[in-house]
Amino acid sequence: MHIRKLGSEGLEVSAMGLGCMGMSEFYGSRDEAESVATIHRALELGVTFLDTADMYGPFTNEVLVGKAIGDRRDKVVLATKFANVRGDNGEYLGIRGDADYVRQACDASLKRLGVDHIDLYYQHRVDPNTPIEETVGVMAELVKAGKVRYLGLSEAAPETIRRAHAVHPISALQTEYSLWSREPEEAILPTVRELGIGYVAYSPLGRGFLTGQIRRIEDLAEDDYRRNAPRFQGENFQKNLDLVSEIETMAREKGRTPSQLALAWLLAQGDDVVPIPGTKKRARLEENVGAVDVRLTAEDVARIDCILPPGAAAGTRYAAPQMQALNR
């Protein structure tokens, strides 16, 4: 496994991370034993960059990750997030970035994770009612207190990123980026590269669509939230399936899986880009890790760009209410 640098403050992570969200919520059935085994296998393969958040579960994903890394904390670069507020019954209570909440959220995450520090602490969504300077100011206090090592933002707009970075260096910006979500290329990636901030790509496999494993909406569990996602509905589903079929053809030609081709494309976008594909099964993890050995030529990249150019995917990333919390 290769190592990549995120930002200019010294944070180094595995070239590919592991998104842990689906182990606890959103993507159908859960198997804690297999999830823990998947995390352990990731560490064996050199995938040491683990991504979670307090809202996943809610709260239970941090507990699961903490359990998995309890006796091997020194091998892990641990990232978690705050700002999406949820109640004990899972209800959504808004977005908060005020100083008091940030302090409370950090202490709660440390306790659930069972660790004395968080390696990378993100603001999960930007709070429109709290100046970013206040939020990042208190995050910087957490760094001084030794509770957090590096700071990150998620789904922040270019101007917000600049304002935040002026308060305390931001090491990583996380947004959705994949062959069917190429919006960051327009303004986000140029901004973070100008400022020397690393980029973490979540949902790099299009919430599983780019794997080629989802052929019908019925392939998703009844409680899988993707059933309500615009890109998985109606005509959008078939249009996106047609795009994936072309990626599948190219992958077969190269003796690779569609997942590996999609991840290899992301890895080829720059040494400052780190995808964090999520999975809760060891077999899928091992398949994804195979992408680090895929070498794409300039011709390969150009062909992929023709198949899935920016804006090719049908439907928005989220439903309308969630879209409002992005890029602000």
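Residues numbered from 1 in each chain as written. Predicted model: local features only at pLDDT ≥ 70, side-chain atom pairs only at ≥ 80, totals over all residues. Heavy atoms only, no water.

Per an unreviewed UniProt entry, the protein chain is named Aryl-alcohol dehydrogenase-like predicted oxidoreductase, and its organism is Rhizobium subbaraonis.

Assigned secondary structure in the protein chain consists of eleven helices and twelve strands. Taking 20 Å as the expected radius of gyration for a compact globule of 328 residues, we find that the protein chain reaches 19 Å, a close match to that expectation. Across its three principal directions, the C-alpha atoms of the protein chain cover 50 × 40 × 40 Å. At a minimum sequence separation of 6, the contacts of the protein chain that also span at least 24 residues come to 75%. Of the roughly 13500 Å² that the protein chain leaves accessible, carbon and sulfur atoms contribute 48%. Side chains of the protein chain carry 40 positive and 48 negative charges; the gap between the two charge centres is 2 Å. (Helix = DSSP H or I, 4+ residues; strand = E, 2+ residues; numbered from the N terminus. Rg over C-alpha atoms; globule rule 2.2 N^0.38 Å. Contact = heavy atoms within 4.5 Å. Areas by Shrake-Rupley, 256 points an atom, 1.4 Å probe, with all protein chains shown as cover. Lys, Arg positive; Asp, Glu negative; His and termini not counted. Charge placed at Lys NZ, Arg CZ, Asp CG, Glu CD.)

Hydrogen bonds between backbone atoms are what pair the strands of a sheet, whose relative direction is either parallel or antiparallel. The eight strands lie next to each other as 3-4-5-8-9-10-11-12, forming an open sheet whose pairing is parallel. Since the sheet does not close on itself, it has two edges, and those belong to strand 3 (18–19) and strand 12 (273–275), each with one partner. Direction of pairing for strand 9 (residues 148–154) relative to strand 10 (residues 172–176): parallel, over a ladder of three bridges. What sits directly across from Ser 154, in strand 10, is Gln 174. (Pairing = 2+ DSSP bridges.)

Take the environment of Ala 108 next. Mapped onto the fold, Ala 108 is located in helix 3 (residues 99–113). Each C-alpha atom, one on Ala 108 and one on Phe 59, is 9.2 Å from the other, the two residues being 49 residues apart in sequence.

A ring pair, where both rings are aromatic, is described by two values, the distance of the centres and the angle of the planes. The full count for this structure, using the stated rule, is seven aromatic pairs. With 5.7 Å between their ring centres and 65 degrees between their planes, Tyr 177 and Trp 265 make a pair best called edge-to-face. One end of the pair, Tyr 177, is in the loop between strand 10 and helix 6 (188–195); the other, Trp 265, is in helix 8 (residues 258–267), and 88 residues separate them in sequence. As far as burial versus exposure is concerned, Tyr 177 and Trp 265 are alike and both buried. Relative to Phe 209, the ring of Trp 180 lies with its centre 5.0 Å away and its plane at 35 degrees, an arrangement referred to as tilted. Here Trp 180, found in the loop between strand 10 and helix 6, pairs with Phe 209, found in the loop between strand 11 (198–202) and helix 7 (234–253); they are 29 residues apart in sequence, far enough to count as distant. Judged by relative accessible area, Trp 180 falls into the buried class, the value being 5%. Phe 209 sits in the buried class, given a relative accessible area of 0%. Its end group placed over the ring of Tyr 92, Arg 86 keeps NZ or CZ at 4.5 Å from the ring centre. Note that Arg 231 overlies the ring of Trp 180, its terminal NZ or CZ placed 5.1 Å from the centroid. (Phe/Tyr/Trp six-rings, centres within 6.5 Å; stacked < 30°, edge-to-face > 60°. Buried < 20%, exposed > 50% of the residue type's maximum accessible area, 1.4 Å probe, protein only. Lys NZ or Arg CZ within 6 Å of the ring centre and 35° of its normal.)

The next point concerns the packing of helix 2 (residues 60–69) against helix 3. At a minimum axis distance of 7 Å, the contact between helix 2 and helix 3 shows a crossing angle of 45 degrees. Judged by the inter-axis angle, helix 2 sits oblique to helix 3. For the pair helix 2 and helix 3, contact is made by Glu 62, Val 63, Val 65 and Gly 66 and by Ser 109, Arg 112 and Leu 113, respectively. Grouping the amino acids of the contact of helix 2 with helix 3 by side-chain chemistry returns three nonpolar, two polar and two charged. (Axes fitted to C-alpha atoms, helices over the stretch in contact; angles between N-to-C directions. Parallel < 35°, antiparallel > 145°, perpendicular 65-115°, else oblique. Nonpolar A, V, L, I, M, F, W, Y, C, P; charged D, E, K, R; others polar.)

By the criterion of burial, helix 2 is predominantly enclosed, with seven of the ten residues buried. For helix 2, the set of buried residues is Asn 61, Glu 62, Leu 64, Val 65, Gly 66, Ala 68 and Ile 69. Residues of helix 2 that are buried sit in contact with helix 1 (32–44), strand 4 (49–51), strand 5 (77–82) and helix 3.

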